[in-house]
Amino acid sequence: MTTAQRRVNPFVIPGREDAPRSVLCPWREPNHTELYVEIDNYAPAFREFKDQFASPQLLKEACRLALVGGESGCGKSALRNMCAHWLQEELGKVGLRGEIFDLAKETDALNQGLDSAVIDIKARMGRVCSSLLKKLATGDFIDGSVRDDLLGTAADAPHEVYAELAAAMADKDQEDVVPILLLPATDMRLEMERYLQMPGSRIVFFAEAVMSTNELSHIGAGQNADMPPATVSVGTLSPADVQLFITTRTEQRRKDCAFPSLHEELVEYLAAWPNTTVAGLQSHLTGVYDHARRTFTNYTNDTTITKGDMTDYTMNLIDNLRARR
Amino acid sequence: MTGNGNQYAGNPFSAVAVAITTDAVAHHPMIETSAVRKAEQELRQYLASTPLAGAGNVIAVSGDHGTGKTHLGVRLVQIAHAESPSASAMYLDVASDQFTGLYRRFIANLGREGIRARVNDFYADVVADSLSTGTTVDIAALVRNREIEPDDVVGGYQMMESALLRQVTQDLKDELSSITDNQAYATALALLLRPGFDDVVWDWFNGSAPHAALVERGVTHRIDDEVAALDALGVFALLHGRKGRPFVLVVDEIDKILTGRDITTPVNKALQRLLQVFQAAGSFLVLSGLPEFRRELEPDVAQRISTVIPMPPLLAGQVSVFVDLAQRRESDLPYIEFPDSAVERMVKLANGNPRKIISLCHALYRTAVEQRRSAVDTLMVEEAMHDRAGYVTTDEVTAAIRDLLVRENISYSTDQYVGNRDSFVDFWIEAGPDSGFAVLVAESVFTGDVDDLVIRARAVRSARETVEVVLVVANVLDADAAQQLTAHVLDKPVRYDPRSFTEDFQPLLRSLRQRYTGSPLDAIREWLVRIDLANATTRQMMEKLDRDLSRLSEETSNELMTLRERTNVVNIVTNTYPGDDPAGQPFPDSVAEVFHDALAGLDRLGYPDTLFDRVLGRAEDASEHYRRVTQMLNRLATKGVYEAAGTVSMLRRWITSFSNAAASWYATESHAARRPGQARSRLDALCRTYERVAETMPLGQIAPLVQLVAEGEADPIPKQISTQLVQRQVTEFAEQYRTLGGKVREMVLAELSAP
């Protein structure tokens, strides 16, 4: 075991050290719930989401579209995961059973072995629907024969599939199940509005919308959907958010690990980055702590990571980027 | 004399004198004319100043065929490339009669990576702007200077990629709004920065219908019409000229697009916008072509051209300098004296046309070395000019005239004396009781022939009260002689051009039909005054045909490649030969293509496969079709056809043998031939041997077979083809066949000099 491996990087999610860019996912790892930091970036958004799903029993009557909007790196996925997890629990309180299906990667070319890296909305929606049918059948939520019947329809008319899905699940004694579909991220308003128009009941379409808050507010405008989309959005971090994130996460990890502190000047430096996103901040912190893990003689609670260390780390990174060019 | 004594071992002058549009041309001496100096000066001024928005330049270079426009265009691009740092520059020769074809060449030259690099410049600016405050100023500078890639920084620091890309789209829209209201270009360009969109965006730029994923993003139209192509050209020109970067674009043979058709108002407006873009973006555009292209420009377009540079005929002094320079650059070859008198004669006979002069120099140099002369003289110049005039016989000319007269249903007599013993005419057409029209045909006319021709013309004219005489010259027409004869023949002597003769003479003959309703000779006179204009129109028609073929060629390049791979030539040149070094150099595709083209041309002209298949396929058919085929075979399947078939077979073997020998030489000796020396001399000797034999081949004899093939291929049923057309095809092939040696040598050396 090397020195670096014994040294803890407090900004990497525990248990995901090999995948430092992982996002928090409490519906898959319940202990992640405590790692969320109540920064202004998404705490209000989470509260707003709860307000918009104040009556989850209405899902017995209709489908619902939920959208987490924001630019890349602002924490949409982490917020969506938290919201989905919360919704799953809330559904249980009204006699329903939320089942989360992660379909976010179903349209990735690499994932699907597709010839073309780009597909249009219709094809994307068709692939999502087909994947859902397979997962539902595998999980015994619908009958295999129903899956086979509906697969032919999924590509061209997914709305017909979604319209019949509640009945198909009921036939399999799964009438209390509410699939929560985590859809591929999209920047296409048309795609979101098609999901908003989906017929049927007991389905939550949960999408990440790569767009600004203003654009997000226009989704569904003028459409006569039974239920409006539940939209929340995240943005960049304020300097106070940066401070809070660093302090909170450090305290969370300090309970069972030893690692150096960040010098106050460095924290101010990080807070001064323009347009900082939570992913960007996480990247800086993970990077500078990795640098410290490799280079510090003493990697303990008594040592401090300074702005100079950050500069070293940054210079190394830039040298690597230059070399790559 | 220096070097190899009197043995012909190579030639410092190009045999074909056609500019090669590769970097190899940089090593060819350039004849310094005022036009060359002016164009280079314009470019150097542009390159020396920091190009600023609005400081671009559009210049026009105009000149006839062979005046060195292409050579100049390539030279300008090389000057730009030689700048430090190298300026972005591109040479494009038009191969289509539409701006869409020009655009496709342009985009192919830019390449996918070239376009992405320019879009990446936008991205770098956007990323740098987002980092330009606070603690990241230094990183911003590195991105802006492209010391690190913007997407690396965005990925490395987990920046808001989606917002940055959206900003790129917006910036592109703002920047391109001066050219087009169509925001699709900005959308598509920005998508190049997103993974996965490469192929669909590139296909769309190349004229394909937009992929559904593009349509969803507002890219709905195709770049498949001329306005869209011009707008797209402007978009990419603007991208290249951004941020004070110099960008030089030379569009050669622009006349192919601008002449011979009606250009609609929207296309004219788009062209005007394009020129404005070049000026606004601080780019340098050279439009080069035949003089008539400028006449076709609308005033709004023409006024965007700041400088017009006509390519003047060469002067004797310039040619003398060039001749000396060209020989000194090949110092291992014998030096042949070109005295002023010979140069002046050469310039006069070639009307100062650089291509003809260089070609003449090639022939004169070869003759001088072979005949162990130390200098050329005026007689040699005249002989060489005569020999190189295309070998048109007076029989060919009289056949062409006869064909026209028959077609126009005009009565005529031939080869007769209309008056005294000097009054011999080749054709005589009665125009009335005391008037007539005479056509005299001469092989070549130099100043020494003028007196005899004047006596002859006078004798003919004195035979009736009113006689008009037209003199048709088959080959060389000396300008001074033409001037002296002007007073004695109708308007001026006519130089026979197989490509345009029918079109030249048809109006004249038709005007004869008016002889009972007006004065026929007035009509003839009026027509001859306009003959220059008619010549221009005819040339346009010919070039229209050429463009169609070029476009077809581009569209079917893949098929051609497949066909080429099936030919013996490529099989020969890509294989090794018994005794050859197996690691020898593979024969270049470009040279193999020359051989392929020659063989394909011969096959097209001289093999009646289609006819034979058709006849055999209808053997039991007693229809009209079968009757006509049989009639045609009876008429054309003569002894002449079988003699021609033998000649064609011999020609084919000779070309194939030449290709084998050239490929073998290339495999074993090309490396050593990068510099003058024995290896290069052996190539020269090889090509010369080919030429000597080629010159003896009776190419005129293949005409009956060519006619049989042409008539047999006419669809849907065989039809009669004019002798004129057949003769034109034979002449064109003969030119291709006889210049093959020079072309091969030129292209091989170009390949060897390529970096």
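Described in the following lines is the structure provided in the data block. By convention here, each chain's residues receive numbers from 1 onward along its written sequence. Each chain is given a letter, starting from A, and each ligand a number, starting from 1, according to the order in which they appear as written. Thresholds applied to this predicted model are a pLDDT of at least 70 for local features of residues and 80 or more for the giving and counting of side-chain atom pairs; totals over whole chains, interfaces and linings are not thresholded and use all residues.

1. Focus on the overall build of chain A
This is how the line gets drawn: Counting from the N terminus, the helices are the DSSP runs of H or I reaching at least four residues and the strands are the DSSP runs of E reaching at least two. Residue burial here comes from a neighbour count, namely the number of other C-beta atoms, placed from the backbone, that lie within 10 Å of the residue's own C-beta, with 20 or more meaning buried, 12 or fewer meaning exposed, and in between meaning partly exposed. Placing a C-beta atom from the backbone of each residue, one calls two residues in contact when those atoms lie within 7 Å.
Scanning chain A from terminus to terminus reveals 13 helices and seven strands. Counting over 325 residues, chain A shows a buried share of 44%. Restricting to contacts in chain A with at least 6 residues of sequence separation, those with at least 24 account for 78%.

2. Side note on the overall build of chain B
Tallying secondary structure elements over chain B gives 34 helices and ten strands in all. The proportion of buried residues among the 755 residues of chain B is 44%. For chain B, contacts bridging at least 24 residues in sequence account for 77% of all contacts bridging at least 6.

3. Examining the interface of chain B and chain A
It is common to give the size of an interface as the accessible area that goes away when the parts come together. This is how the line gets drawn: Throughout, the ten residues Ala, Val, Leu, Ile, Met, Phe, Trp, Tyr, Cys and Pro are labelled nonpolar, Asp, Glu, Lys and Arg are labelled charged, and all others, Gly among them, are labelled polar.
Between chain B and chain A, the residue contacts involve 30 residues of the former and 30 residues of the latter. Counting residues per element, the ones that place at least two in the side of chain B that touches chain A are α4 (137-144), α5 (150-156), α6 (161-176), α8 (198-205) and α9 (212-215) of chain B. Among the residues forming the side of chain B that touches chain A, the class breakdown is 14 nonpolar, ten polar and six charged.

4. Section: unusual backbone geometry
Omega for the bond connecting B:Ser84 with B:Pro85 falls within 30 degrees of zero, at 0 degrees, which places this linkage in the cis form. Unusually for a residue other than glycine, A:Asn275 sits at a positive phi of about 50 degrees. Along the chain, A:Asn275 falls in the loop between α11 (264-271) and α12 (278-295). Overall, the presence of 20 C-beta atoms within 10 Å leaves A:Asn275 in the buried class. Of note in this structure, B:Glu253 is not a glycine but carries a positive phi near 60 degrees. Mapping B:Glu253 onto the fold places it in the loop between β3 (247-252) and α11 (255-258).

5. A few points about the sheet that holds strand β7 (residues 424-432) of chain B
Residue and element names in this part refer to chain B. Under the convention used in this document: Strand pairing is defined by DSSP finding a minimum of two bridges between the two strands. Between N-to-C directions, angles cover 0 to 180 degrees, with each direction set by a line fitted to C-alpha atoms, over the stretch in contact for helices.
Reading across from one edge, β6-β7-β8-β9-β10 is the order of the five strands in this open sheet, with mixed pairing throughout. Strands at the two margins of the open sheet, each flanked by one partner only, are β6 (413-417) and β10 (494-495). Judged from the five bridges that link them, β7 and strand β8 (residues 435-442) form a sheet pairing that is antiparallel. If you follow tryptophan 428 over to β8, its bridge partner there is alanine 438. Across the face of the sheet, helix α19 (residues 394-407) comes into contact with β7, β8 and β9 (466-473) while running at roughly 150 degrees to β8. Helix α20 (residues 450-461) rests against β7, β8 and β9 of the sheet, and its axis sits at about 150 degrees to β9.

6. A word on the nonpolar core
Generally speaking, nonpolar side chains in soluble globular proteins are found buried as a group. Test applied: Nonpolar cores are built from buried Ala, Val, Leu, Ile, Met, Phe, Trp, Tyr and Cys residues. These are joined into a set through C-beta atoms within 7 Å.
Within the largest apolar cluster, 192 residues are counted, with the highest numbers of intra-cluster contacts made by A:Leu181, A:Val204, A:Phe205, A:Phe206, B:Val127, B:Ala190 and B:Val248. Setting aside chain neighbours within four positions, we find A:Val204 in contact with A:Leu59, A:Arg64, A:Ala66, A:Leu87, A:Val178, A:Ile180 and A:Leu181. Among the nonpolar cores identified, the runner-up in size contains 63 residues, and B:Leu314, B:Ile358, B:Val473 and B:Phe501 belong to it.

7. Section: the environment of B:Ala694
All names here are of chain B. Along the chain, alanine 694 turns up in helix α31 (residues 678-696). Residue class for alanine 694 comes out partly exposed when judged on the 19 C-beta atoms lying within 10 Å of it. With residues up to four places along the chain from it excluded, the contact list for alanine 694 reads Trp654, Tyr737, Arg738 and Gly741.

8. Thoughts on the packing of helix α3 (residues 99-130) of chain B against helix α10 (residues 226-241) of chain B
All names here are of chain B. Quick note on the threshold: Each crossing is labelled by how the near helix is turned from the far one, with a counterclockwise turn of less than a right angle marking it left-handed and a clockwise turn marking it right-handed.
One can describe the packing of α3 onto α10 by two numbers: an axis separation of 10 Å at closest approach and a directional angle of 35 degrees. You can see that α3 and α10 cross each other, and the crossing is left-handed. For the pair α3 and α10, contact is made by Phe99, Thr100, Tyr103, Phe106, Leu110, Ile115 and Arg118 and by Glu226, Ala229, Leu230, Ala232, Leu233, Phe236, Leu239 and His240, respectively.

9. A word on helix α2 (residues 69-81) of chain B
Residue and element names in this part refer to chain B. Quick reminder of the rule: Expected helix span is computed as 1.5 Å times (number of residues minus one).
When the terminal C-alpha atoms of α2 are compared, their 19 Å separation across 13 residues agrees well with the 18 Å that a helix rising 1.5 Å per residue should span. Within α2, ten of the 13 residues are buried, which leaves it mostly tucked inside the rest of the structure. Along α2, the residues that are buried comprise Lys69, Thr70, His71, Leu72, Gly73, Val74, Arg75, Leu76, Val77 and Ala80. If you follow the buried residues of α2, they end up packed against α1 (34-48), β1 (57-62), β2 (88-93), β3 and β4 (284-289).

10. What to know about the sheet that holds strand β5 (residues 307-310) of chain B
Residues and elements named next belong to chain B. Reading across from one edge, β2-β3-β4-β1-β5 is the order of the five strands in this open sheet, with parallel pairing throughout. Every interior strand has two partners, whereas the edge strands, β2 and β5, have only one. Direction aside, the axes of adjacent strands within the sheet are offset by 15 degrees on average. Where β3 meets β4, four bridges bridge the pair, whose relative direction is parallel. Across the sheet, residue valine 248 finds its bridge partner in β4, namely phenylalanine 284. Packing against the sheet, α2 makes contact with β1, β2, β3 and β4, and its axis sits at approximately 170 degrees to β3.

11. Digging into the pairing of β3(B)
Most of β3(B) is tucked away, with six of its six residues classed as buried. Neither face of β3(B) is exposed, since B:Phe247, B:Leu249 and B:Val251 on one face and B:Val248, B:Val250 and B:Asp252 on the opposite face are all buried.

12. Let's talk about the packing of α12(A) against helix α13 (residues 307-324) of chain A
Think of two packed helices as two axes; the pair is described by the angle between the axes and how far apart they sit. Residue and element names in this part refer to chain A. Keep this limit in mind: Here is the rule for angles: anything less than 35 degrees is roughly parallel, anything more than 145 is roughly antiparallel, 65 through 115 is roughly perpendicular, and the remaining ranges are oblique.
Between α12 and α13, the least distance of the axes is 9 Å, while the angle of their chain directions is 100 degrees. Viewed along their axes, α12 and α13 adopt a mutual orientation that is roughly perpendicular. On α13, the residues touching Gly287, Val288, His291 and Ala292 of α12 are Asp309, Met310, Asp312, Tyr313 and Leu317. Its residues assigned to classes, the contact of α12 with α13 comprises five nonpolar, two polar and two charged.

That's the geometry; what it means functionally is another story.
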